[in-house]
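# An overview of the molecular structure
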Amino acid sequence: MIRLFLENKEVELGENFSCPITRTFENLENPTQIINSFSKTVTIPHTQKNDRIFGFLFNPDRLTAKESTPLVGIFFNPYAKISMRLEWNDSVLLTGYLKVLSVDSKGYNCSLNGELGKVFQELQKITFD
């Protein structure tokens, strides 16, 4: 059973949910040196719980609250990278961040990116004087 957590809140996934994960390697001679893990676009279905977590993102009257950290619910910022954890039978498959790409009638179209990608994003914010 696959489970997805956003900011430590479990998201409801359908029975047909699949999440193929791609791994990028630095060196083909040593495939244990993984650079990054990421998924193709995954669709998280509309449910009452998921809509609350994503702050009813599909609603055109919705306001995006400005917060220093991206939260779920009313403070959900669709432009931020949301911390996520993907598990299969209580084994962690992938940790990192979720990025919302779009919303349609089927659900929330997102990409899941590994922790290393998150580290590189944070390093880009550092500036030296």
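Residues numbered from 1 in each chain as written. Predicted model: local features only at pLDDT ≥ 70, side-chain atom pairs only at ≥ 80, totals over all residues. Heavy atoms only, no water.

The residue G107 is located in strand β8 (residues 107-114) in this model. Between the alpha carbons of G107 and V42 there is a distance of 9.4 Å; along the sequence they are 65 residues apart. In this view, G107 contacts T43, I44, P45, H46 and S102; residues no more than four positions away in its chain are not counted. (Helix = DSSP H or I, 4+ residues; strand = E, 2+ residues; numbered from the N terminus. Contact = heavy atoms within 4.5 Å.)

What follows deals with the side chain of N113. For N113, the position within the fold is in strand β8. Side chain to side chain, N113 and S111 meet in a polar contact 3.4 Å long. (Polar contact = N/O pair within 3.5 Å; in protein donor to acceptor, adjacent residues only side chain to side chain.)

Relative to strand β7 (residues 91-103), strand β6 (residues 82-88) runs antiparallel, the two sharing seven bridges. Paired with W88 across the strands is S91, a residue of β7. Pairing geometry for β7 and β8, over seven bridges, is antiparallel. From the neighbouring strand, G96 faces β8, where its bridge partner is G114. Adjacent in sequence and paired antiparallel, β7 and β8 are bridged by three residues. (Pairing = 2+ DSSP bridges.)

With that settled, the discussion passes to a nonpolar patch on the surface. On the surface, I2, W88 and L93 cluster together into a nonpolar patch covering about 260 Å² of accessible area. The residue I2 is located in strand β1 (residues 2-6) in this model. Residue classification places I2 among the partly exposed positions, given a relative accessible area of 31%. (Patch = residues over 30% accessible without salt bridge, like charges linked within 9 Å, V, L, I, M, F, W, Y side chains within 5 Å. Areas by Shrake-Rupley, 256 points an atom, 1.4 Å probe, with all protein chains shown as cover. Salt bridge = Lys/Arg side-chain N within 4 Å of Asp/Glu carboxyl O. Buried < 20%, exposed > 50% of the residue type's maximum accessible area, 1.4 Å probe, protein only.)

Let us look at the packing of aromatic side chains. The relative placement of two aromatic rings is captured by the distance of their centres and the angle of their planes. Across all of its chains, the model carries two aromatic pairs by this definition. A ring pair is formed by F54 and Y108, whose centres lie 4.1 Å apart and whose planes are at 10 degrees; its orientation type is stacked. With F54 in the loop between α1 (48-53) and β6 and Y108 in strand β8, this pair connects stretches of sequence that are 54 residues apart. Each member of the pair, F54 as well as Y108, carries the same accessibility label: buried. Centroid distance F56 to F58: 6.1 Å. Interplanar angle 75 degrees. Geometry classified as edge-to-face. Sitting over the ring of F5, R85 keeps its end group 4.3 Å from the ring centre. (Phe/Tyr/Trp six-rings, centres within 6.5 Å; stacked < 30°, edge-to-face > 60°. Lys NZ or Arg CZ within 6 Å of the ring centre and 35° of its normal.)

Generally, phi is negative for residues other than glycine and the peptide bonds are trans, each holding for most cases. If you check the backbone angles, N8 has positive phi at about 65 degrees while not being a glycine. As for its placement among the helices and strands, N8 is situated in the loop between β1 and β2 (9-11). Overall, the relative accessible area of 63% leaves N8 in the exposed class. With phi around 65 degrees, D90 is a residue other than glycine that occupies positive phi space. By the secondary structure assignment, D90 is in the loop between β6 and β7.

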